[in-house]
Amino acid sequence: MKNKEKIIKDFKAVKFMREVRDKISNDIKDMNFEQLKKYFEERKLKLTEK
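Counting starts from 1 at the beginning of each chain's written sequence and moves along it residue by residue. For this predicted model, a pLDDT threshold of at least 70 governs which residues receive local features, and a threshold of 80 or more governs which side-chain atom pairs are given and counted, while totals over whole chains, interfaces and linings are taken from all residues. Excluding hydrogens and water, the side-chain figures rest on all heavy atoms present in the structure.

Asker: Pulling in residues and values, what's your account of the packing of aromatic side chains?
Answerer: The pairing test for Phe, Tyr and Trp rings, Trp by its six-membered ring, is centres within 6.5 Å, and the orientation test on the planes gives stacked under 30 degrees, edge-to-face over 60, and tilted for anything in between. The full count for this structure, using the stated rule, is 2 aromatic pairs. Seen in terms of ring centroids, Phe11 and Phe16 are 5.6 Å apart; in terms of plane orientation they differ by 50 degrees. Their pairing is tilted. Three exposure classes are used, based on accessible area relative to the maximum for each residue type with a 1.4 Å probe and protein chains only: buried under 20%, partly exposed in between, and exposed over 50%. Residue Phe16 is classed as partly exposed on the basis of its relative accessible area, which comes to 40%. Between Tyr39 and Phe40, the aromatic rings sit 5.1 Å apart at their centres with planes inclined by 85 degrees, giving edge-to-face as the arrangement. The exposure class assigned to Tyr39 is buried, which follows from its relative accessible area of 15%. Taking the relative accessible area as the measure of exposure, Phe40 reaches 39% and is therefore partly exposed.

Asker: So what's going on with the pattern of salt bridges? Residues and values would help.
Answerer: Salt bridges are defined as contacts in which a side-chain nitrogen from Lys or Arg sits within 4 Å of a carboxyl oxygen from Asp or Glu. Overall, the coordinates contain 4 salt bridges when judged by the stated rule. Residue Glu19 is joined to Lys15 by a salt bridge in which the shortest nitrogen-to-oxygen separation is 4.0 Å. Here Glu19 and its partner Lys15 are both found in helix 1 (residues 13-28), 4 residues apart, which amounts to about one turn of the helix. We classify Lys15 as exposed; its relative accessible area is 52%. Between Arg21 and Asp22 there is a salt bridge, and its shortest N-O distance comes to 3.3 Å. A relative accessible area of 43% means that Asp22 is categorised as partly exposed. Secondary structure elements are defined from DSSP: runs of H or I of at least 4 residues count as helices, runs of E of at least 2 residues count as strands, and each element is numbered from the N terminus.

Okay, structure coming up:
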């Protein structure tokens, strides 16, 4: 059974994933290991709060 209520019109998964990947890559490019660890812990918390 398909759920038409949750479909986002003009959503392109590949484009979205590339944008997210590029944003994360840009955010973490000059970080050391401890900074990376903190960044991903904070990001995980933000995503689970929603």
